[in-house]
Amino acid sequence: MAGEDGAAGGEPGAGVTPRARGEWARHWRPAGLPGLDLLRARYVRHSFPRHAHEGYVVGAVTSGIEEVGLRQGTVRGGRGGIIMINPEVAHSARAGAPEGWTYATLYPSSGIVAGIAEEITGQRGTPGFDATVAEDPHLGNLITEVHRAAEAGNALAADSLLRLLVARMLRRYGGPLPARTPRSAGARTAARARSVLERRMAAPPSLERLAEELGTSPFALLRAFRNAYGMPPHTWLTDARVRRARRLLEADSAPADAAVAVGFTDQPHLNRHFTRIVGVTPGAYRRERTAQPGGAGSADDGRLIAGARTYKTTEDTSS
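Scoring rules and cut-offs
- Residues numbered from 1 in each chain as written.
- Predicted model: local features only at pLDDT ≥ 70, side-chain atom pairs only at ≥ 80, totals over all residues.
- Heavy atoms only, no water.
- Helix = DSSP H or I, 4+ residues; strand = E, 2+ residues; numbered from the N terminus.
- Expected span 1.5 Å × (residues − 1).
- Buried < 20%, exposed > 50% of the residue type's maximum accessible area, 1.4 Å probe, protein only.
- Arc of directions from axis to C-beta.
- Contact = heavy atoms within 4.5 Å.
- Pairing = 2+ DSSP bridges.
- 1 Å grid on protein atoms, 1.4 Å probe; cavity = no way out; pocket = protein on both sides within 12 Å on 5 of 7 lines; lining within 4 Å.
- Points joined across faces, edges and corners; volume = space filled by probe spheres on them.
- Nonpolar A, V, L, I, M, F, W, Y, C, P; charged D, E, K, R; others polar.
- Polar contact = N/O pair within 3.5 Å; in protein donor to acceptor, adjacent residues only side chain to side chain.
- Axes fitted to C-alpha atoms, helices over the stretch in contact; angles between N-to-C directions.
- Parallel < 35°, antiparallel > 145°, perpendicular 65-115°, else oblique.
- Left-handed = near helix turned anticlockwise from the far one by under 90°.

With respect to helix H1 (residues 110-121)
Over its 12 residues, H1 runs 16 Å from end to end, which matches the ideal 16 Å to within 8%, given 1.5 Å per residue. Listed in full, the buried residues belonging to H1 are Ile-112, Val-113, Ile-116 and Ala-117. What you see down the axis of H1 is that its buried residues fit within an arc of 130°, all on one side. Among the exposed residues of H1, those oriented more than 90 degrees off its buried face are Gly-111 and Glu-119. Residues of H1 that are buried in the fold lie against strand S3 (36-43), strand S9 (101-108), strand S10 (127-129) and helix H3 (155-173). With its phi angle positive at about 80°, Gly-122 sits one or two positions after the end of H1.

Concerning the side chain of Thr-238
By secondary structure assignment, the location of Thr-238 is in helix H7 (residues 233-250). What makes Thr-238 buried here is its relative accessible area of 18%. Leaving out residues up to four positions away in the same chain, Thr-238 has contacts with Phe-264, His-273 and Ile-277.

Structural notes on the pairing of strand S2 (residues 24-28)
Across the 5 residues of S2, 5 count as buried, placing the element largely inside the fold. A two-sided burial pattern is seen for S2, the buried positions comprising Trp-24, Arg-26 and Trp-28 on one face and Ala-25 and His-27 on the other. Examined bridge by bridge, S2 and S3 share 5 bridges and lie antiparallel to one another. Within the sheet, the bridge partner assigned to Ala-25 lies in S3 and is Ala-41.

Some thoughts on empty space enclosed by the protein
The full count for this structure, using the stated rule, is 2 cavities of 30 Å³ or more. By volume, the largest cavity amounts to about 170 Å³. His-53, Val-57, His-91, Tyr-103 and Tyr-107 are, among the 18 residues lining the largest cavity, the residues nearest its centre. Mapped onto the lining of the largest cavity, the elements with two or more residues apiece are strand S4 (48-51), strand S5 (57-70), strand S7 (81-85), strand S8 (91-95), S9 and helix H9 (267-278). The biggest single contributor to the lining of the largest cavity is S5, with 4 residues. Among the residues making up the lining of the largest cavity, the classes are represented as 10 nonpolar, 6 polar and 2 charged.

Considering the environment of Thr-144
On the secondary structure map, Thr-144 appears in helix H2 (residues 137-151). With 85 residues separating them along the chain, Thr-144 and Gly-59 place their C-alpha atoms 8.8 Å apart. Of the polar contacts made by the side chain of Thr-144, one reaches the backbone oxygen of Asn-141; its length is 2.8 Å.

Some remarks on the packing of helix H4 (residues 185-199) against H7
Where H4 contacts H7, the two axes come as close as 11 Å, and the packing angle between them is 45°. The orientation of H4 relative to H7 falls into the category oblique. The handedness of the crossing between H4 and H7 is right-handed. Mapping the contact onto sequence places Arg-194, Leu-197 and Glu-198 in H4 and Pro-233, Trp-236, Leu-237 and Arg-244 in H7. Looking at the contact of H4 with H7 residue by residue, the class counts come to 4 nonpolar, no polar and 3 charged.

Keep in mind these numbers describe shape, not what the thing actually does.
In structure tokens:
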């Protein structure tokens, strides 16, 4: 990273969507790197509601403070800190300081991380990180170097740096995820409820009706679902709808069509929830994934910064 005001750091570059109040963000998938998404952003008032990811979250905070809300409490990461979140861990995020926070984040798939873990440790199964926040400027610098290489279109360097990064993170903070305990009746009920919501996403039943179908009470279902997935059914459903909408947008569906397909009332309804959870609008997300490789993308409602910028690379490991 080039520090607070450089590429992959604090100032937006090509392909970044400005937001209100000095916020900006770019969420994209680099060509030649399947299984990896990237987010580079500055947020001030924006906050992420409780949600989860299918893969991992690996981020480097480059200015300000990010607060991450977990089931066990809130943790804070400042400049030089890294954020590590395992798959399907429910969490929220917001600014922990008036100036907000700037960060570069990688979203490697479970398959990428599991493959690296097996190669370097022989560990099979799903690896995990045993910390959420750590002060580790060197690894933070590696995260931003992955961004810099990807933004330069150098897939070979980005892939090499990514694997080096994940290997080092696993050695310092990794281990097998806890084995699943035998599922209780409540956990089985929650899993059945989740299956129903997945199948009937566009027209889900009410909590009372869902509980009746599953032979339990609404309160018992609410408690079981929260215990199993870290959020109540309606919050989980919104997150699941956004996940499915992402896949549709990646297949070049129009945002309005994706909204209806996943059960949102209209495109503004999708826009609101999608932007809160993903950090960029559906239109910007779709254009980043349908643009020609090496292109700068097209404007998001006329607000996308165009053109290219060249930034000086620095060896400052505190960024």
